[in-house]
Amino acid sequence: MHQARPAVELRKASLEAPAGLLDLIREIGEGEGGFRGERELLGGELTLEAFLGQLMAWSAGRGLPEGWVPFTTFWLLDRRQQVVGVSRLRHSLNAALLEHGGHIGYYVKASARGKGYGCAILALTLEEARRLGLDRVLLTVDSGNRPSVRVIEANGGVLEDERIDPESGRPFRRYWIELGPRADGE
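Residues numbered from 1 in each chain as written. Predicted model: local features only at pLDDT ≥ 70, side-chain atom pairs only at ≥ 80, totals over all residues. Heavy atoms only, no water.

*Asks:* How should I be thinking about the pairing of strand 4 (residues 104–108) in this particular structure?
*Replies:* Regular strands show a simple pattern: their side chains alternate between the two faces of the sheet. Most of strand 4 sits out of view: five of its five residues are buried. Across the two faces of strand 4 the burial is the same, with Ile104, Tyr106 and Val108 and Gly105 and Tyr107 all buried. Two strands pair when backbone bridges link them, and strand 3 (residues 83–90) and strand 4 are joined in this way by five bridges, in the antiparallel orientation. Paired with Val86 across the strands is Tyr107, a residue of strand 4. (Buried < 20%, exposed > 50% of the residue type's maximum accessible area, 1.4 Å probe, protein only. Helix = DSSP H or I, 4+ residues; strand = E, 2+ residues; numbered from the N terminus. Pairing = 2+ DSSP bridges.)

*Asks:* In this structure, what is going on with the sheet that holds strand 1 (residues 9–12)? I would like to understand it.
*Replies:* Backbone-to-backbone hydrogen bonds join strands into a sheet, with any given pair of strands oriented parallel or antiparallel. Strand order in the open sheet made by the four strands is 1-2-3-4, with antiparallel pairing throughout. In this open sheet, the two strands that pair with only one neighbour each are strand 1 and strand 4. Each strand of the sheet is rotated relative to its neighbour by a mean of 20°, with strand direction disregarded. Summarising the sheet, strand 2 (residues 71–77) and strand 3 pair through seven bridges and their orientation is antiparallel. Each bridged residue has a counterpart across the sheet, and for Trp75 the counterpart in strand 3 is Val86. Contacts from helix 1 (residues 21–28) reach strand 2, strand 3 and strand 4, with the element oriented near 65° to strand 3. (Axes fitted to C-alpha atoms, helices over the stretch in contact; angles between N-to-C directions. Contact = heavy atoms within 4.5 Å.)

*Asks:* It is not clear to me how the pattern of salt bridges should be interpreted in this structure. Could you clarify?
*Replies:* It is possible for side chains of opposite charge to pair when their charged atoms get near one another. According to the stated counting rule, one finds 10 salt bridges in the structure shown. With its nearest N and O atoms 2.5 Å apart, the salt bridge here joins Glu99 to Arg163. Of this pair, Glu99 sits in helix 4 (residues 95–99) while Arg163 sits in strand 6 (residues 158–164), and the two are 64 residues apart along the sequence. For Arg163, a relative accessible area of 25% corresponds to the partly exposed category. One network of salt bridges, in which partners are shared, links Glu99, Glu160, Asp161, Arg163 and Arg174. (Salt bridge = Lys/Arg side-chain N within 4 Å of Asp/Glu carboxyl O.)

*Asks:* It is not clear to me how unusual backbone geometry should be interpreted in this structure. Could you clarify?
*Replies:* A negative phi holds for most residues other than glycine; trans holds for most peptide bonds. Even without being a glycine, Gln81 presents a positive backbone phi close to 65°. For Gln81, the location among the structural elements is in the loop between strand 2 and strand 3. Assessed through its relative accessible area of 33%, Gln81 is described here as partly exposed.

*Asks:* Looking at this structure, I do not really get the side chain of Arg130. What am I missing?
*Replies:* The residue Arg130 is located in helix 5 (residues 117–132) in this model. Notably, Arg130 is buried but unbridged: the nearest opposite-charge side chain belongs to Glu127, and the N-O separation is 5.7 Å. A polar contact is formed between the side chain of Arg130 and the backbone oxygen of Leu179, at a distance of 2.7 Å. (Lys, Arg positive; Asp, Glu negative; His and termini not counted. Polar contact = N/O pair within 3.5 Å; in protein donor to acceptor, adjacent residues only side chain to side chain.)

*Asks:* What should I look at first to understand the sheet that holds strand 7 (residues 171–178) in this one?
*Replies:* Spatially, three strands are ordered 5-7-6 in an open sheet, and the strand pairing comes out antiparallel. Since the sheet does not close on itself, it has two edges, and those belong to strand 5 (136–142) and strand 6, each with one partner. Sheet twist, expressed as the average angle between the axes of neighbouring strands with direction ignored, equals 25°. Where strand 6 lies against strand 7, six bridges are found, and the strand directions are antiparallel. In the strand pairing of strand 7, Glu162 is matched with Arg173. Seen against the sheet, helix 6 (residues 146–154) touches strand 5 and strand 7 and runs at an angle of roughly 20° to strand 7.

*Asks:* What is the right way to look at the environment of Ser87 in this model?
*Replies:* Assignment of secondary structure puts Ser87 in strand 3. Sequence-wise, Ser87 and Lys12 are 75 residues apart; in three dimensions their C-alpha atoms are separated by 9.5 Å. Once residues within four sequence positions are removed from consideration, Ser87 is found in contact with Leu10, Thr72, Thr73, Phe74, Gly105, Tyr106, Ile121 and Thr125. Side-chain polar atoms of Ser87 contact the side chain of Thr125, separated by 2.8 Å.

This is how it looks when you write it as structure tokens:
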């Protein structure tokens, strides 16, 4: 049975933090799902405003750590304007991301899972990728993460192959999603 998309909004990260952001970041923890950079905020090395400013700079390609590509962070807000998820859209791929990481990473709060937010955040982030001018995007996912595999496949993901992560030894899948023409016809 197909689940209807919940009433949500995808908001680009700005200096204005959405309600519940710190709770989401604490839940993600260090390195969950490929997310990096939150450690300094959680450890008190960065203020929330500095962290948000850093996200904005990275989106513009400024001050990126070595080996990173520019990426834009988005918050998924529910109908109460509470953040229930986060996605990151990498503007391009380098060799490392082509192997493992891809264009898009997303995370939905544990308490919000199973309600359609995963499909919604990926669908909305794909729209942003199309606006960015990307024709297709790569997503990678741990092979055992069945809910995320279903989300990717529901959004048009076509499996290219399955590989082994040399660091963890766990298998992961690589999916491509064709984006097609932009809604404005360009």
